[in-house]
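# Working through the structure, step by step
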Amino acid sequence: MATPDRQATTLALAHALSAAERGLAVLPLSRTKLPALRSPHRDDPDPAGPPCHGECGRPGHGVHDATTDPARIRALFAAAPWATGYGIACGLPPHHLIGIDLDVKTGTDASAALRELALRHLFTIPATVVVLTPSGGRHLWLSGPPDAVVPNSAGRLAPGIDVRGAGGYLVGPGSRTDHGLYTAAPGTLHLAPAPCPPALLRLLVPPPRAHHATPPSAGGHGQGLVQFVLAAHEGQRNTRLFWAACRAYEDGIGPALAESLVGAARRTGLSEREARVTIASAARMTGHRP
């Protein structure tokens, strides 16, 4: 466990409370930019079960800990005295924050790539909050409409441009990490996140997924397992697919549901090969032939 840096923790807490006053939900981060509190379920006997998003009432659920309640924020930082920064959850009301991360570590000019996208798709980035990263990159804060779910992505928009949306978070200005301090660009911190230009929003929101009916033999439970896989964010896809496939084979609907699970997994970004290997592993785990 990291040695507490009381001054950095105090400053991070102050900045987090200030962000919460503006309606931004926050959580404590460690110097590695990861959530400071470990999962309370890390020693659970069934780690492949449905993920807990804080329903258990304990802290340690990553971005799901984020809150605007000052008392809750103080309690989270008290539980993590080694925290030296804070994260700002994206996609939540009232701002429905979208973060555009312009990286410089990949050897590409992300700012130039964004300008090229703007010229090609006829939009301009309005005046908004800009956070300067220790590596020389920038985070642009934009607000989205309530009915648009922007997913997290890395390099999908253009090389060097990462997007933080629903289920993601941005490192807040005033946070200290192993690589240095995150700061607000002069003259921008007082601004509200500007509305995302509609043309840019169309690039950020994936097209609607085609509906694929679940085989009749799988029933409502099978449809629920398919939806469980479809709701996976990046980093959860294999775990959710494996869990759903295990449940399907245990309930005797594995063979009937396999193709629908493969289709759902592919729509979350997994390759067909990855999906089939994961489902085959679940079949073997539950004592069935894939």
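Residues numbered from 1 in each chain as written. Predicted model: local features only at pLDDT ≥ 70, side-chain atom pairs only at ≥ 80, totals over all residues. Heavy atoms only, no water.

## A short note on the nonpolar core
As a reminder, the rule being used: Note on terminology: a nonpolar core comprises buried Ala, Val, Leu, Ile, Met, Phe, Trp, Tyr and Cys residues joined through side-chain atoms within 4.5 Å. Relative accessibility thresholds used throughout: buried, under 20% of the residue-type maximum; exposed, over 50%; partly exposed, between the two (1.4 Å probe, protein chains only). Only DSSP runs of H or I with at least four residues qualify as helices, and only runs of E with at least two residues qualify as strands; both kinds are numbered from the N terminus onward. Residue contacts are counted whenever heavy atoms from the two residues lie within 4.5 Å of one another.
With 33 residues, the main nonpolar core has Val26, Ile73, Phe77, Tyr86, Ile88, Leu97 and Trp141 as its most contacted residues. At the level of elements, α1 (6–21), β1 (26–29), α2 (70–79), β2 (85–89) and β8 (169–171) are the ones that each hand at least two residues to this core. At six residues, α1 tops the list of elements feeding residues into this core. With sequence-adjacent residues up to four places away left out, Ile73 is seen in contact with Leu13, Ala16, Leu17, Ala20, Val26, Thr67 and Thr68.

## Observations regarding the pairing of strand β5 (residues 138–143)
Put simply, the rule is: Whether two strands pair depends on DSSP finding at least two bridges between them.
Extensive coverage of β5 is indicated by the burial of five of its six residues. Bridge count between strand β3 (residues 97–102) and β5: six bridges; the pairing is antiparallel. Paired with Asp101 across the strands is His139, a residue of β5. Two successive antiparallel strands, strand β4 (residues 130–132) and β5, enclose a turn made up of five residues, where Gly136 displays a positive phi of approximately 100°. Two strands pair when backbone bridges link them, and β5 and strand β12 (residues 194–195) are joined in this way by two bridges, in the parallel orientation.

## Some points on the pattern of salt bridges
Defined as follows: Think of a salt bridge as a Lys or Arg side-chain nitrogen and an Asp or Glu carboxyl oxygen that are within 4 Å of each other.
Counted by the stated rule, this structure contains six salt bridges. For the salt bridge of Arg247 with Glu250, the shortest nitrogen-to-oxygen distance reads 2.9 Å. Within this pair, Arg247 and its partner Glu250 are both found in helix α6 (residues 237–250), separated by three residues, close to a single helical turn. Ionic pairing is found between Glu272 and Arg276, a salt bridge with its closest N-O pair at 2.9 Å.

## A few points about α6
What counts is decided by this rule: Working rule for helices: expected span equals 1.5 Å times residues minus one.
An ideal rise of 1.5 Å per residue puts 20 Å on 14 residues; α6 measures up with 20 Å between its terminal C-alpha atoms. Those residues of α6 lying buried are Arg240, Leu241, Trp243, Ala244, Ala245, Cys246, Arg247, Ala248 and Tyr249. One or two residues past the end of α6 sits Gly252, with phi positive at roughly 80°.

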